[in-house]
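Structural overview for review
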Amino acid sequence: MVNIVLFGPPGAGKGTQSENIIDKYGLNHISTGDLFRKHLGEGTELGKLAQQYMDQGKLVPDEVVIGMVGDYITTKKDAPGFIFDGFPRTVAQAEALDALLEKYDTAISCMVMLDVPEDELKKRLLERGKTSGRVDDQNEEKINVRIQEYLNKTLPVAGFYASQSKDCKINGVGTVEEIFGNISSALDTHI
Ligand code: AMP
């Protein structure tokens, strides 16, 4: 199995680049943000719980996210591998993911980090908010909370993968094609 973590702040382009990676490498996509939005749309208890955090731009508690990812992986055991998009977002989630994959005799192959400056992120998120319908994209205050959550809780995850020599930093500014070209080259040498 090939398992990739696509890492980066909100607005870095993880969703867009995930689609390209899936097309080329045929992996199964897990976006925890999309899974939460699906639960929210279906009005499940999990969705209602997650919404309280998402609407504020805060991270959903670890045990909720980890449980949801564990359940999802169990239903896709025959997948050729996974691309994790927006997960793990804390070191506790990264440790839980390692343990989860170990149960299936597999591991993370590579963590691709999309590097984008903060002012560019804010610009992109506000622009996306005009059409995405996402409450958390439409308000500068919420965007700032999401970026702070990233800096405080998520950035240490990069160190976690660096300590396993699985990190790979990519410039996330440029055309979608240029960025994907750089991601592909990195993946082809790492997996
Ligand atoms: P995203 O679509 O990845 O930007 O995620 C939207 C929101 O869902 C985030 O702002 C969080 O509230 C929540 N969320 C998504 N993934 C995670 C995660 N791995 N850990 C905690 N909260 C998450």
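Below: a short report on this structure.

Conventions used here
- Residues numbered from 1 in each chain as written.
- Predicted model: local features only at pLDDT ≥ 70, side-chain atom pairs only at ≥ 80, totals over all residues.
- Heavy atoms only, no water.
- Helix = DSSP H or I, 4+ residues; strand = E, 2+ residues; numbered from the N terminus.
- Rg over C-alpha atoms; globule rule 2.2 N^0.38 Å.
- Buried < 20%, exposed > 50% of the residue type's maximum accessible area, 1.4 Å probe, protein only.
- Contact = heavy atoms within 4.5 Å.
- Areas by Shrake-Rupley, 256 points an atom, 1.4 Å probe, with all protein chains shown as cover.
- Phe/Tyr/Trp six-rings, centres within 6.5 Å; stacked < 30°, edge-to-face > 60°.
- Arc of directions from axis to C-beta.
- Near = heavy atom within 4 Å.
- Polar contact = N/O pair within 3.5 Å; in protein donor to acceptor, adjacent residues only side chain to side chain.
- 1 Å grid on protein atoms, 1.4 Å probe; cavity = no way out; pocket = protein on both sides within 12 Å on 5 of 7 lines; lining within 4 Å.
- Sits in = over half its atoms within 2 Å of the grid points.
- Pairing = 2+ DSSP bridges.
- Points joined across faces, edges and corners; volume = space filled by probe spheres on them.

Here's the deal with the overall build of the protein
Of the regular secondary structure elements, the protein holds 8 helices and 5 strands. Ordered by position from N to C terminus, the α and β elements of the protein give β-α-β-α-α-α-β-α-β-α-α-β-α. Its C-alpha atoms give the protein a radius of gyration of 16 Å, near enough to 16 Å, the size a compact globule of 191 residues would have. Looking at the protein as a whole, 45% of its 191 residues qualify as buried. Counting only contacts in the protein whose residues sit at least 6 apart along the sequence, the fraction spanning at least 24 positions is 75%. Of the roughly 9300 Å² that the protein leaves accessible, carbon and sulfur atoms contribute 50%.

Quick word on the packing of aromatic side chains
For the structure on display, the rule yields 4 aromatic pairs. Ring centres 6.0 Å apart and planes at 45° place the aromatic pair Phe 7 and Tyr 150 in the tilted group. Remark: Tyr 150 occurs in helix α7 (residues 140-162) and Phe 7 occurs in strand β1 (residues 2-7); sequence separation between them is 143 residues. Considering the side-chain rings of Phe 160 and Tyr 161, the 5.2 Å spacing of their centres and the 90° angle between planes classify their relative orientation as edge-to-face. Here the two residues Phe 160 and Tyr 161 agree in accessibility, since each one is buried. One aromatic cluster in this structure is built from Phe 82, Phe 84 and Phe 87.

What to know about helix α3 (residues 45-54)
Burial in α3 covers these residues: Gly 47, Ala 50 and Met 54. All buried residues of α3 project into a common sector of 70° when viewed along the axis, lining one side.

Notes on the site of the ligand
Around the ligand sit 16 residues, and of these Thr 32, Arg 37, Lys 58, Gly 86 and Arg 89 come closest. Taking Lys 58, its main chain carries an N or O atom lying 2.6 Å from an oxygen atom of the ligand. Residue Gly 86 places a main-chain N or O atom 3.0 Å away from a nitrogen atom belonging to the ligand. One can see that the ligand is located within the largest pocket.

Let's talk about the pairing of strand β3 (residues 81-85)
Burial of β3 is extensive: 5 of the 5 residues sit out of reach of the surface. Every second residue of β3 is oriented toward a common face, with Gly 81, Ile 83 and Asp 85 on one face and Phe 82 and Phe 84 on the other, all of them buried. When β1 meets β3, the two strands line up parallel, connected through 5 bridges. Paired with Val 2 across the bridge in β3 is Gly 81.

Let's talk about the environment of Thr 175
Turning to its location among the elements, Thr 175 is positioned in the loop between β5 (167-171) and α8 (176-190). You can call Thr 175 partly exposed: its relative accessible area is 37%. For Thr 175, the side chain forms a polar contact with the main-chain nitrogen of Glu 178, separated by 3.0 Å.

A word on the layout of surface pockets
When its volume is computed, the largest pocket comes out at roughly 910 Å³. Together, 45 residues line the largest pocket, and Pro 10, Lys 14, Arg 89, Arg 128 and Arg 134 are the ones closest to its centre. Of all elements in the fold, only β1, α1 (14-25), β2 (28-31), α2 (32-42), α6 (118-132), α7 and α8 reach the threshold of two or more residues within the lining of the largest pocket.

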